[in-house]
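# Structural features, examined
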Amino acid sequence: MRLHLFLDFDGTISIGDVGDKLVGTFGSFDILHNELLAGEFTVAEYYRRAIASFSNNATPEAVDDFVQRQQLDTGLAPLLEWSRTNSIPATVVSDGFDVYICPLLKRELGTDDIPIASNTLSFEGGSWRPAFPGASESCSCFCASCKRNVILSKIDDDDVVIYVGDGLSDVCAVRYADVVFAKGSLAASCTEEGIPHHTYRSLTEVLIILQRRMKDNDFPRRRQARLARKRAFESE
Ligand SMILES: [Mg+2]
Ligand SMILES: [Zn+2]
């Protein structure tokens, strides 16, 4: 049995949603995001439209400048230090973009050795192009980058999945997790679905709870999560 730690990025590791702010800063966020929430198109299509709406001001330098103004939860580094000390692999699972996740994690941690699964955004021939390497046809999640599939690809049958998230892109993933930390709309959705979870405000609180559970050797697997993983493995 091995523990695994999975962390959402926007609103979980970062203060506020950097992806939403990126679109709001350089493109038209309000209309497109409302249309997305109304179910008019997929997240991938939302991103294609949102990035196509970027103005000429969205130079690589301006985007980099925007990225460097973003803040991360100061509990991240101690949490990852704890996971390293206890040989618990940690993975960032995001439905946002590498263009801000990578530099922000590097700035905060001083290293880029944490695995990241996300969408990608690159500047080619004078414009920004999104790509969705983690897209899944076999999952019904509200994601362009399927977090469930990342979890399934990293764990063995009897492992324990710890998941920390805050929003819509985590709703599918937590069904496959044993120990869930949820805030924002994710906490509401967990309550609605009957998924036991810790509510939290910061990653510092997450670490305190994990340290306590570690001391008590209290990492039971959740029956519904195991069944969901088994079903997903069998249907892949
Ligand atoms: Mg989030
Ligand atoms: Zn999925």
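Residues numbered from 1 in each chain as written. Chains lettered and ligands numbered in written order. Predicted model: local features only at pLDDT ≥ 70, side-chain atom pairs only at ≥ 80, totals over all residues.

On to the overall build of the chain. Secondary structure assignment for the chain yields ten helices and seven strands. Computed over C-alpha atoms, the radius of gyration of the chain comes to 18 Å, within 12% of the 18 Å expected from 2.2 N^0.38 for 236 residues, which places it in the range of a compact globule. Its C-alpha atoms give the chain principal-axis dimensions of roughly 55 × 40 × 30 Å. Buried positions account for 35% of the 236 residues belonging to the chain. (Helix = DSSP H or I, 4+ residues; strand = E, 2+ residues; numbered from the N terminus. Rg over C-alpha atoms; globule rule 2.2 N^0.38 Å. Buried ≥ 20, exposed ≤ 12 C-beta atoms within 10 Å, placed from the backbone.)

Quick look at the nonpolar core now. Formed by 55 residues in total, the largest nonpolar core has its most connected members in V161, I162, Y163, V174 and A177. Look past the residues within four positions of V161 in its chain and what remains in contact with it is H4, F6, I151, I155, Y176, A177, D178 and A225. (Core = buried A, V, L, I, M, F, W, Y, C linked by C-beta atoms within 7 Å. Contact = placed C-beta atoms within 7 Å.)

Let us now look at the sheet that holds strand β3 (residues 116-124). Taken in spatial order, the seven strands make up an open sheet running β4-β3-β2-β1-β5-β6-β7, and their pairing is mixed. If you trace the sheet from one side to the other, it starts and ends with β4 (127-131) and β7 (198-199), each paired once. Bridge analysis of strand β1 (residues 3-7) against strand β5 (residues 160-165) gives five bridges, and the strand direction is parallel. By the bridge assignment for β5, L5 is matched with I162. (Pairing = 2+ DSSP bridges.)

Here we take up the environment of F26. For F26, the location among the structural elements is in helix α1 (residues 18-26). A count of 21 C-beta atoms within 10 Å places F26 in the buried class. Each C-alpha atom of the pair F26 and A62 lies 9.3 Å from the other, and the pair is 36 residues apart in sequence. Not counting residues within four places of it along the chain, the set of residues in contact with F26 comprises F54, S55, N57 and A58.

Once that is clear, we can look at the pairing of strand β6 (residues 179-182). In β6, alternate side chains face the same way, and those of V179 and F181 on one face and V180 and A182 on the other are all buried. With two bridges connecting them, β6 and β7 associate as parallel partners. Bridging across to β7, F181 finds its partner in H198. Of the crossover connections in this fold, the one passing from β6 over helix α8 (residues 184-193) to the parallel β7 is right-handed. (Right-handed = clockwise from strand over helix to strand, strands pointing away.)

This part is about unusual backbone geometry. Backbone geometry follows two general trends: most residues other than glycine have a negative phi, and most peptide bonds adopt the trans configuration. We note that S87 has phi near 55°; this positive angle belongs to a residue other than glycine. Mapped onto the elements of the fold, S87 is located in the loop between α5 (76-85) and β2 (90-97). In this structure, N217 takes a positive phi of about 50° despite not being glycine. Topologically, N217 is positioned in the loop between α9 (203-215) and α10 (223-235). Here N217 falls in the exposed class, since 7 other C-beta atoms lie within 10 Å of it.

Let's shift gears to the domain arrangement of the chain. Often, the extent of an interface is quoted as the loss of accessible area on bringing the components together. Per the domain assignment, the segments of the chain are domain 1 (3-16 + 71-235) and domain 2 (18-68). Taking only C-alpha atoms, the centre of domain 1 and the centre of domain 2 are 22 Å apart. In this complex, domain 1 contributes 20 residues to the contact, which on the side of domain 2 involves 14 residues. Mapped by element, the contributors of at least two residues to the side of domain 1 that touches domain 2 are β2, α6 (98-109), β3 and β4. (Domains from an automatic or database assignment.)

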